[in-house]
Amino acid sequence: MAARKRASSVTDSAADDKPHKNPSSGEDFRLSPPKLGAILAISILLFLPYLYLLCFHYRVDNELKRSILINAGLSLVGFFVTLRMIPVAARYVLRRSMFGFDINKRGTPQGEIKVPESLGIVVGIVFLIVSIIFQYFNFTEDSIWLVEYNAALASICFMILLGFVDDVLDVPWRVKLVLPSFAALPLLMAYAGHTTIVIPKPLVSYIGLEVLDLGWMYKLYMGLLAVFCTNSINIHAGLNGLEIGQTVVIAAAILMHNAMQIGASADAEYQQAHAFSIYLTQPLMATSLALLAYNWYPSSVFVGDTYTVFAGMTMAVVGILGHFSETLLIFFLPQVLNFLLSLPQLAGIVKCPRHRLPRFDPSTGLLTGTKDGTLVNVYLRIFGRKSEKSLCIHLLVFQALACAFCFLLRHFLAGWYK
């Protein structure tokens, strides 16, 4: 759910009667330059703590560090390829009349500009290419991780396809809730890890077990986690840069968590599980930052459901295969809150409009919260009217604070809870 309104055939013909900056033919279309200054600042802010932990704070095995750095180098190449391919793809989607109008700028000249949609397909394709090429440098034919790695890529690829189908066909919400469970099937069928959970120490005396094997129920939980992560990114949206911004912040937290777990453990298999997570998170973050350069306020492209479901599935996959699904859910605290606020409307108890967006005042350029149950609207109702850019930054800071709270919680509960 992005802050856009798709044009019907009527609005297309009406728009074609007058000149505009980016015609649907795509021939004379030019994207605004990418906002590389903002991306550089965000990258430094998020990457430096991770690089410090990986390269200086902890003593990481040289072979493991080498594979992580190779993956980082390929991810950097993916960043520049994505940056180069987005303007090309934007022309193609415009030729197919895949564009929308920014609802949060309605009534202003910017609200009349046709914005290319579904550019998340570029990020998804480049991500898959980078991840597949990385296999050459890290996995051998008899590697025990290769099956799960390819199963993870199959699930992510499946979700990219379903997300793009959704952008083209506008799939109903009920169907969207089911699709991720099908996309997760390759991962669930290939999963060969443990299906046990560690019982919290305060509950051991009551349950009588320190470790509980859930069997098939654990795989059911993994499937539900994939469904939640995929849809939670999709419904916490509606502002320029919010969908990608929250993904980048969570991805940075995942990288730092993995680096901390690798550095604090001497178990080779445990380290490999967290390195596995890094191998998929670094390309996700790099390619997402390239798209954010065009999607940051004022957005010149829309990411579409293709990106949101792809990002959600990728983070669900790294949480499952990295064995830190509990931590991942705390990283997703704003998304959990947004889901709980949205539940009455999603369940049909309260009327749910197509676009649950704030109300934009073109005279002031400020957004006002509506009665719709989203974190965006609730934040505006509590803290007052804000500009779209300011509101997005506030929500991303809240996302970062939620991730910091997760690290703080793990620190204080370590040794007592588990």
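Residues numbered from 1 in each chain as written. Predicted model: local features only at pLDDT ≥ 70, side-chain atom pairs only at ≥ 80, totals over all residues. Heavy atoms only, no water.

(A) Summary view of the overall build of the chain. Helix and strand counts for the chain come out as 16 helices and seven strands. Against the compact-globule benchmark of 22 Å for 418 residues, the chain has a radius of gyration of 22 Å, which places it among compact chains. Out of the 418 residues in the chain, the part that is buried amounts to 54%. Look at the contacts in the chain between residues 6 or more apart in sequence, and 76% of them connect residues 24 or more apart. Total accessible area on the chain is roughly 19,000 Å²; 67% of this is exposed by carbon and sulfur atoms. If the 32 positive side-chain charges of the chain are averaged to one point and the 26 negative ones to another, these points end up 9 Å apart. (Helix = DSSP H or I, 4+ residues; strand = E, 2+ residues; numbered from the N terminus. Rg over C-alpha atoms; globule rule 2.2 N^0.38 Å. Buried < 20%, exposed > 50% of the residue type's maximum accessible area, 1.4 Å probe, protein only. Contact = heavy atoms within 4.5 Å. Areas by Shrake-Rupley, 256 points an atom, 1.4 Å probe, with all protein chains shown as cover. Lys, Arg positive; Asp, Glu negative; His and termini not counted. Charge placed at Lys NZ, Arg CZ, Asp CG, Glu CD.)

(B) Fine view of unusual backbone geometry. Cis rather than trans, the peptide bond between Y297 and P298 has omega equal to -10 degrees. Its place among the elements puts P298 in the loop between helix 11 (268-295) and helix 12 (304-321). Positioned with a positive phi, S97 is a non-glycine residue whose angle comes to about 60 degrees. Examined against the element boundaries, S97 turns out to sit in the loop between helix 3 (62-95) and strand 2 (99-102). The residue S118 is not glycine, and still its phi comes out positive at about 60 degrees. Take S118: its relative accessible area is 1%, and that puts it in the buried class.

(C) Region of the structure containing the pattern of salt bridges. Applying the stated criterion across every chain, the model contains four salt bridges. Here E63 ties to R66 by a salt bridge, and the two come within 3.5 Å at their closest N and O atoms. With a gap of three residues between them, E63 and R66 both fall in helix 3, about one helical turn apart. Via salt bridges that share partners, D102, K105 and E388 belong to a single interconnected network. (Salt bridge = Lys/Arg side-chain N within 4 Å of Asp/Glu carboxyl O.)

(D) Structural context of the packing of aromatic side chains. Applying the stated criterion to the full structure yields 17 aromatic pairs. Seen in terms of ring centroids, Y136 and F137 are 5.3 Å apart; in terms of plane orientation they differ by 85 degrees. Their pairing is edge-to-face. What makes Y136 exposed here is its relative accessible area of 70%. Look at F137 and you get partly exposed, because its relative accessible area is 39%. (Phe/Tyr/Trp six-rings, centres within 6.5 Å; stacked < 30°, edge-to-face > 60°.)

(E) Broad picture of a nonpolar patch on the surface. On the surface, F158, L161, V165, V168, L169, W173, L177, V178, F182, L185, M189 and L346 cluster together to form a nonpolar patch covering roughly 1,100 Å² of accessible area. Mapped onto the nonpolar patch, the elements with two or more residues apiece are helix 5 (146-169), helix 6 (173-183) and helix 7 (185-190). Here the element with the most residues in the nonpolar patch is helix 5; it accounts for five residues. Owing to a relative accessible area of 30%, F158 belongs among the partly exposed residues under this scheme. (Patch = residues over 30% accessible without salt bridge, like charges linked within 9 Å, V, L, I, M, F, W, Y side chains within 5 Å.)

(F) Region of interest: helix 11. With 28 residues, helix 11 ought to run about 40 Å at 1.5 Å a step, and its terminal C-alpha atoms sit 40 Å apart, in line with that. For helix 11, a buried count of 24 out of 28 residues is recorded, marking the element as mostly surrounded by other parts of the structure. (Expected span 1.5 Å × (residues − 1).)

(G) Representation of empty space enclosed by the protein in the model. Applying the stated criterion across every chain yields a total of three cavities of 30 Å³ or more. Space inside the largest cavity adds up to approximately 80 Å³. Lining the largest cavity are M159, L162, G163, D166, K176, L179, P180, T230, N231, N234 and V309. Secondary-structure elements contributing two or more residues to the lining of the largest cavity are helix 5, helix 6 and helix 9 (216-235). When residues in the lining of the largest cavity are grouped by element, the largest group, four residues, is from helix 5. (1 Å grid on protein atoms, 1.4 Å probe; cavity = no way out; pocket = protein on both sides within 12 Å on 5 of 7 lines; lining within 4 Å. Points joined across faces, edges and corners; volume = space filled by probe spheres on them.)

(H) Region of the structure containing the environment of N231. Assignment of secondary structure puts N231 in helix 9. Overall, N231 belongs to the buried group, its relative accessible area being 8%. Sequence separation between N231 and L179 is 52 residues, and the spatial gap between their C-alpha atoms is 9.9 Å. The contacts of N231, once residues within four sequence positions are left out, are W173, K176, L177 and P180.

(I) Broad picture of the packing of helix 4 (residues 120-138) against helix 5. Running from amino to carboxyl end, helix 4 crosses helix 5 at an angle of 165 degrees, the nearest separation of the two axes being 10 Å. It follows from the interaxial angle that helix 4 and helix 5 lie roughly antiparallel. The chirality of how helix 4 crosses helix 5 is left-handed. Residues I121, G124, F127, L128, S131, I132, F134 and Q135 of helix 4 pack against L146, Y149, N150, L153, I156, C157, I160 and F164 of helix 5. Across the contact of helix 4 with helix 5, the residue classes tally to twelve nonpolar, four polar and no charged. (Axes fitted to C-alpha atoms, helices over the stretch in contact; angles between N-to-C directions. Parallel < 35°, antiparallel > 145°, perpendicular 65-115°, else oblique. Left-handed = near helix turned anticlockwise from the far one by under 90°. Nonpolar A, V, L, I, M, F, W, Y, C, P; charged D, E, K, R; others polar.)

(J) Spotlight on the nonpolar core. Formed by 110 residues in total, the largest nonpolar core has its most connected members in L280 and L291. Per-element accounting of this core gives the leading share, 15 residues, to helix 11. Residues contacting L280, with those up to four places away along its chain left out, are F127, S131, Y149, A152, L153, T314, V317 and V318. (Core = buried A, V, L, I, M, F, W, Y, C linked by side-chain atoms within 4.5 Å.)

(K) Examining the confidence of the model for the chain more closely. Scored by pLDDT, the chain has a mean of 87; 92% of the residues are at 70 or more. Least confident of the elements in the chain is helix 1 (residues 9-16), whose mean pLDDT is 36; most confident is helix 15 (residues 375-383), at 96. (pLDDT = per-residue confidence, 0-100.)

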